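Spelled out, the chains give:
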Amino acid sequence: MTRVLLGGGAVFDAASGSVSRADVVLVDGRIAEVGPGLDGDTFVDCAGGLLVPGFVDCHVHVALGGPQTPRGLPRSTRPLSVVPALRTLLDLGITTVRDAWGADAGLPVALAEGWFPGPEVLLSLRQVCTTGGIGDHWSPRYGPMDFFADPSMPDPVFDGPDAARAVVRRMVRAGADWIKVTASGSVAQGWGVHDVQLTEAEMRALVDEADRQGGRGVMVHAHGARAAELAARAGARSIEHGTFLDDAAVTALAEAGSWLVPTLSTSQADPGDPGETAEPHRAAVRRAFEAGVPIAMGTDAPVRPYAEALREIHYLAEAALGPAGALRAATLEAARLLRLADDRGEIAPGKRADLVLLTGEGLATERLTERVHTVWQSGRVVRAGAGRPTG
């Protein structure tokens, strides 16, 4: 067994938020040892750099980087757009993602076969919704306008608790790891952000059935406070966006142990936003953080380009979490949300060797993209930096 020694640098402890000098030994795609004065067969000089765990994006759309409709271009353009999207994310050190709808069950097969590189992908397939929700692609003029029209992407529309159970079963049958639900309208589409588009009985049926189907979690798109509160009290594992959370909603998340995945990039990165969304979104994150709600990183890319994904970590740091807390949200806390913390999310013996070497030893997040030097996925170099990682 070859021991790869990453030596001479600093190591970020995601559990404590501290940084210390240490060596890291990789063996067969796993972290074997962490500590001072270690030895190995192959040496990688990390002097002047900071090793952090591979980043985890809990809300991304890897198959929506290209056209969403067949007009003008072949329908194969959409799934083929996955290839550059995943390469971009992996080059940033994002080694695991949860797709928040758009990719089908062929993608994990392609990655496992090595057809192209990319982060490990957990699937939700479609965003399920009640009639008229944002996952219901329908036009008054044309009627149904489902641009997927693909048997690998089942019908996401349901009404009533029994139909809610059925839609979960359809998604699981087609390969979903997670159930994505839309409980409110959309800021991006400009309507219904404070609506509550499911009944309590429907939401509870979704959560219960997802749990019955192999213990799957439910991720709920909810901009408004009431939709988020309903989802949390029904047992949703995570609330996505949470743009307008109030005290009652935050209390519900904290009591339920639901994670918040804020996707701050959707509101903070737009220079044309006059503050109608940006400031309430930051305030919602502060409120949740102060109440002890667990927070995990998610970008909602390509709402903003994939290449800007690491900006989300800085937005989290600025909003409330600070640099160490934001890095934790993008690593260990994200892995906990996805029920992967036994396998990844921190630099510790036995964990998967997903690692990022940053230039410089500090925790500053302002220019994190520029600091990415070398990336390992399961112990294999997938992005190789040149020279020492001195900042």
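Predicted model only: the values in this text are computed from it and were never measured.

1. Quick look at the overall build of the protein
Part 1 of the reasoning: Across its full length, the protein holds twelve helices and 21 strands.
Part 2 of the reasoning: Its C-alpha atoms give the protein a radius of gyration of 21 Å, near enough to 21 Å, the size a compact globule of 391 residues would have.
Part 3 of the reasoning: Oriented by its inertia axes, the alpha-carbon framework of the protein measures out at about 65 × 45 × 45 Å.
Part 4 of the reasoning: For the protein, the proportion of its 391 residues judged to be buried stands at 56%.
Part 5 of the reasoning: Of the contacts made within the protein by residues no fewer than 6 positions apart, 67% connect residues no fewer than 24 positions apart.
Part 6 of the reasoning: Taken as a whole, the protein presents about 15,300 Å² of accessible surface, with 51% of it coming from carbon and sulfur.

2. Quick notes on the sheet that holds strand S9 (residues 94-99)
Part 1 of the reasoning: Strand order in the open sheet formed by three strands is S8-S9-S10, and the pairing between neighbours is parallel. The open sheet has two edge strands, strand S8 (55-60) and strand S10 (120-122), and neither has a second partner. Here the average twist between neighbouring strands, direction ignored, is 20 degrees.
Part 2 of the reasoning: Sheet strands in contact with helix H2 (residues 82-91) are S8, S9 and S10, and its direction is about 130 degrees off that of S9.

3. Overview of the pairing of strand S11 (residues 127-130)
Part 1 of the reasoning: Of the two faces of S11, both are covered, the one formed by Gln127 and Cys129 as well as the one formed by Val128 and Thr130.
Part 2 of the reasoning: Of the strand pairs in this sheet, S11 and strand S15 (residues 179-182) are connected by two bridges, and their pairing is parallel. Bridge pairing in S15 places valine 128 opposite valine 181.
Part 3 of the reasoning: Of the pairings in the sheet, the one linking S11 to strand S14 (residues 157-158) comprises two bridges and is parallel in character. Note on S14: the bridge partner recorded for cysteine 129 is valine 157.

4. Description of the nonpolar core
Part 1 of the reasoning: Counting 107 residues, the largest nonpolar core has Phe55, Leu107, Ile179, Leu206, Val220, Ile239 and Ile313 as its most contacted members.
Part 2 of the reasoning: Looking at which element gives the most residues to this core, the answer is helix H10 (residues 311-329), with nine residues.
Part 3 of the reasoning: If sequence neighbours within four positions are ignored, isoleucine 313 has contacts with Phe55, Met297, Ala326, Leu327, Ala330, Thr365 and Leu368.
Part 4 of the reasoning: Residues Leu6, Val24, Leu26 and Ile347 belong to the second largest nonpolar core, which totals 13 residues.

5. So, the pairing of S9
Part 1 of the reasoning: Of all six residues in S9, six are buried; the element is thus mostly enclosed.
Part 2 of the reasoning: Pairing of S8 with S9 involves four bridges; the strand directions are parallel. Note that in S9 the partner of valine 56 across the bridge is threonine 96.

6. Thoughts on the packing of aromatic side chains
Part 1 of the reasoning: According to the stated counting rule, one finds zero aromatic pairs in the structure shown.
Part 2 of the reasoning: Its guanidinium or amino end placed over the ring of tryptophan 178, arginine 98 lies 4.6 Å from that ring's centre, counting from NZ or CZ.

7. Overview of helix H4 (residues 161-173)
Along an α-helix, a turn takes 3.6 residues, which lines up residues three or four apart on a common side.
Part 1 of the reasoning: Taking 1.5 Å per residue, 13 residues should reach 18 Å; H4 reaches 19 Å between its end C-alpha atoms and fits that length.
Part 2 of the reasoning: Taken together, the buried positions of H4 are occupied by Ala164, Val167, Val168, Met171 and Val172. One side of H4 carries all its buried residues, which in axial view fall inside an arc of 135 degrees. More than 90 degrees from the buried face of H4, the exposed residues found are Asp162 and Arg173.
Part 3 of the reasoning: Contacts made by the buried residues of H4 are with S11, S14, S15 and helix H5 (200-212).
Part 4 of the reasoning: Immediately downstream of H4, the backbone of glycine 175 shows phi near 110 degrees, a positive value.

8. Quick look at the pattern of salt bridges
Part 1 of the reasoning: Taken as a whole, this structure holds 27 salt bridges when the rule is applied.
Part 2 of the reasoning: With a shortest N-O distance of 2.8 Å, arginine 3 and glutamate 33 are connected by a salt bridge. Of the two residues, arginine 3 sits in the segment before strand S1 (4-7) while glutamate 33 sits in strand S5 (residues 30-35), which places them 30 residues apart along the sequence.
Part 3 of the reasoning: For glutamate 33, a relative accessible area of 30% corresponds to the partly exposed category.

Each value, and the rule that gives it
Per chain, the residues get numbers from 1 upward, laid out in the order the sequence is written. Thresholds applied to this predicted model are a pLDDT of at least 70 for local features of residues and 80 or more for the giving and counting of side-chain atom pairs; totals over whole chains, interfaces and linings are not thresholded and use all residues. Only hydrogens and water are removed before side-chain values are computed, so all heavy atoms of the structure are retained for them. The helix and strand labels rest on DSSP assignments: H or I over at least four residues marks a helix, E over at least two residues marks a strand, and numbering proceeds from the N terminus. To get the radius of gyration, use the C-alpha atoms; to get the globule rule, take the number of residues to the power 0.38 and multiply by 2.2 Å. Exposure is judged per residue with a 1.4 Å probe applied to protein chains only, and the accessible area is read against the type maximum: over 50% gives exposed, under 20% gives buried, and values in between give partly exposed. Contacts were defined at the residue level, with two residues in contact if any of their heavy atoms lie within 4.5 Å. Accessibility throughout is a Shrake-Rupley quantity obtained with a 1.4 Å probe, and a residue counts as covered only by protein chains that appear here. Pairs of strands are assigned from DSSP output, requiring at least two bridges between the strands. For helices, the axis comes from a line fit to the C-alpha atoms of the stretch in contact; other axes are also lines fit to C-alpha atoms, and the angle between any two N-to-C directions lies between 0 and 180 degrees. Residues grouped as a nonpolar core are buried Ala, Val, Leu, Ile, Met, Phe, Trp, Tyr and Cys residues, joined through side-chain atoms within 4.5 Å. Only the six-membered ring of Trp is used, alongside the rings of Phe and Tyr, when aromatic pairs are assigned; centres must lie within 6.5 Å, and planes under 30 degrees apart are stacked while those over 60 apart are edge-to-face, with the rest tilted. Note on criteria: charge over ring means Lys NZ or Arg CZ within 6 Å of the ring centre, with the direction from the centre no more than 35 degrees off the ring normal. Here the expected length of a helix is defined as 1.5 Å per residue gap, with one fewer gap than residues. What the arc describes is the spread of directions from the helix axis to the C-beta atoms. Whenever a carboxyl oxygen of Asp or Glu lies within 4 Å of a side-chain nitrogen of Lys or Arg, that contact is scored as a salt bridge.

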